[in-house]
Amino acid sequence: MTRISRSRELAYALGLIALALLAWQGHRLAHWLPAFERAIESLGPWGPAAYCVTLLLLGPLLVPDTLFGLAAGAAFGLVVGTACYFATAYAMCLGVQWLAGRWLGSRVRALLEPRTTLRTLMAKATARGMRFTFLVRLLPINPALVSYALGAQGIPLRDAAVGNLGMFAHMLPSVYFGAAAVHVTQMAGARHPHWGIDGLLLLLGLGACAGLSIWISRRAWAAITRT
């Protein structure tokens, strides 16, 4: 878990650096934003629908989940982007878990053999039910991968129906990053008069969101190791 936490912390740090670079040089990219926004708006309700279908198709292939969060935030903003991302990922994970439990159990277990940490977590999840499943979902591990593992271990879908809610803790920061990147670029391009204050508040909010996500993940891991 230490390696996973450090990787996530590094990703957040790099994300903050990227936002700082956008604040500095975002005016060079700002002229592309109106075309991007018009392209999204031209799709109407089909824009979120196309995003959701893409996630449903590519998520089970273990495409990095952060990419979907960044795309949702950039395309639809924080609120709509979070709703689309979380609801679709939630449904996708239930589907993947059912598929793994019904058809792919032995194959998934073989693939998990070298993944000692995840294999150990799944062995514990079998006996510890819904609460343990929720704690596992608070960890920053690819949600589809966890769903394959849960299904292969025979974890009931009723446990996952509640446990999957834990994914929200590490999905929100990636959507926030995507939405913040667009907002920072817009402010840099428009030479926003209150850029200093608004930009600082934006970065502080993002830092608080990322910090809370890391704290939750560490607390979840501590609770898991005590179980």
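Residues numbered from 1 in each chain as written. Predicted model: local features only at pLDDT ≥ 70, side-chain atom pairs only at ≥ 80, totals over all residues. Heavy atoms only, no water.

### Some remarks on the overall build of the protein chain
On a plain count of helices and strands, the protein chain comes out with 10 helices and 0 strands. Ordered by position in the sequence, the α and β elements of the protein chain form the string α-α-α-α-α-α-α-α-α-α. Buried residues in the protein chain amount to 42% of all 227 residues. Counting only contacts in the protein chain whose residues sit at least 6 apart along the sequence, the fraction spanning at least 24 positions is 85%. Carbon and sulfur atoms form 69% of the exposed surface of the protein chain, whose accessible area is close to 11,900 Å². (Helix = DSSP H or I, 4+ residues; strand = E, 2+ residues; numbered from the N terminus. Buried < 20%, exposed > 50% of the residue type's maximum accessible area, 1.4 Å probe, protein only. Contact = heavy atoms within 4.5 Å. Areas by Shrake-Rupley, 256 points an atom, 1.4 Å probe, with all protein chains shown as cover.)

### Focus: a nonpolar patch on the surface
The grouping of Val-53, Leu-57, Leu-58 and Leu-61 at the surface amounts to a nonpolar patch, some 390 Å² of accessible area in total. Here Leu-61 shows up in the loop between α3 (46-58) and α4 (65-102). By relative accessible area, which is 62% here, Leu-61 ends up exposed. (Patch = residues over 30% accessible without salt bridge, like charges linked within 9 Å, V, L, I, M, F, W, Y side chains within 5 Å. Salt bridge = Lys/Arg side-chain N within 4 Å of Asp/Glu carboxyl O.)

### Digging into the packing of aromatic side chains
A ring pair, where both rings are aromatic, is described by two values, the distance of the centres and the angle of the planes. Within this structure, the stated rule accounts for 3 aromatic pairs. Relative to Phe-76, the ring of Tyr-51 lies with its centre 5.8 Å away and its plane at 80 degrees, an arrangement referred to as edge-to-face. Remark: Phe-76 occurs in helix α4 and Tyr-51 occurs in helix α3; sequence separation between them is 25 residues. Grouping residues by exposure puts Tyr-51 and Phe-76 together as buried. By the ring-pair criterion, three or more aromatic residues cluster together here, those being Phe-86, Tyr-90 and Phe-168. (Phe/Tyr/Trp six-rings, centres within 6.5 Å; stacked < 30°, edge-to-face > 60°.)

### Observations concerning the packing of α4 against helix α7 (residues 143-152)
Packed helices, taken two at a time, are described by the angle between their axes plus the distance between the axes. Orientation of α4 relative to α7, taken along the N-to-C sense of each, is 15 degrees, at an axis distance of 8 Å. Taken together, the axes of α4 and α7 lie roughly parallel to each other. The crossing of α4 and α7 is right-handed. Residue-level contacts link Asp-65, Met-92, Cys-93, Val-96, Gln-97, Ala-100 and Gly-101 of α4 to Pro-143, Ala-144, Ser-147, Tyr-148, Leu-150, Gly-151 and Ala-152 of α7. Residue composition of the contact of α4 with α7, grouped by class: 9 nonpolar, 4 polar and 1 charged. (Axes fitted to C-alpha atoms, helices over the stretch in contact; angles between N-to-C directions. Parallel < 35°, antiparallel > 145°, perpendicular 65-115°, else oblique. Left-handed = near helix turned anticlockwise from the far one by under 90°. Nonpolar A, V, L, I, M, F, W, Y, C, P; charged D, E, K, R; others polar.)

### Some remarks on unusual backbone geometry
We note that Leu-62 has phi near 65 degrees; this positive angle belongs to a residue other than glycine. By relative accessible area, Leu-62 is classed as partly exposed at 38%.

### A few points about the confidence of the model for the protein chain
The share of residues in the protein chain with pLDDT of 70 or more is 74%, and the mean pLDDT across the chain is 80. When pLDDT is averaged over each helix and strand of the protein chain, the minimum, 56, is found for helix α1 (residues 2-25) and the maximum, 93, for α4. (pLDDT = per-residue confidence, 0-100.)

### Quick look at the environment of Pro-173
Within the element layout of this structure, Pro-173 appears in helix α9 (residues 168-189). Judged by relative accessible area, Pro-173 falls into the buried class, the value being 1%. Taking the C-alpha atoms as reference points, Pro-173 and Gly-211, 38 residues apart in sequence, are found 9.3 Å from one another.

### Overview of the packing of α3 against α4
Look at α3 against α4: their axes get within 9 Å of each other, and the N-to-C directions meet at 50 degrees. It follows from the interaxial angle that α3 and α4 lie oblique. Of the two possible hands of crossing, α3 and α4 adopt the one that is right-handed. Here α3 contributes Gly-47, Pro-48, Tyr-51, Cys-52, Thr-54, Leu-55, Leu-56 and Leu-58 to the contact with α4, which in turn contributes Phe-68, Gly-69, Ala-71, Ala-72, Phe-76, Cys-84, Tyr-85, Thr-88, Ala-89 and Met-92. Of the residues belonging to the contact of α3 with α4, the class tally is 14 nonpolar, 4 polar and no charged.

### Overview of the nonpolar core
Core analysis: the largest hydrophobic core is formed by 42 residues, its most contacted members being Tyr-51, Tyr-85, Met-122 and Ile-224. Those elements that provide at least two residues to this core are α3, α4, α5 (105-112), α6 (116-137), α7, α9 and α10 (195-226). Of the residues forming this core, the biggest block, 12 residues, is contributed by α4. What Ile-224 contacts, discounting residues up to four positions off in sequence, is Leu-121, Lys-124, Phe-132, Leu-135, Val-136 and Leu-139. Counting residues in hydrophobic clusters, the runner-up holds 7 residues, among them Phe-177, Ala-180, Val-184 and Leu-202. (Core = buried A, V, L, I, M, F, W, Y, C linked by side-chain atoms within 4.5 Å.)

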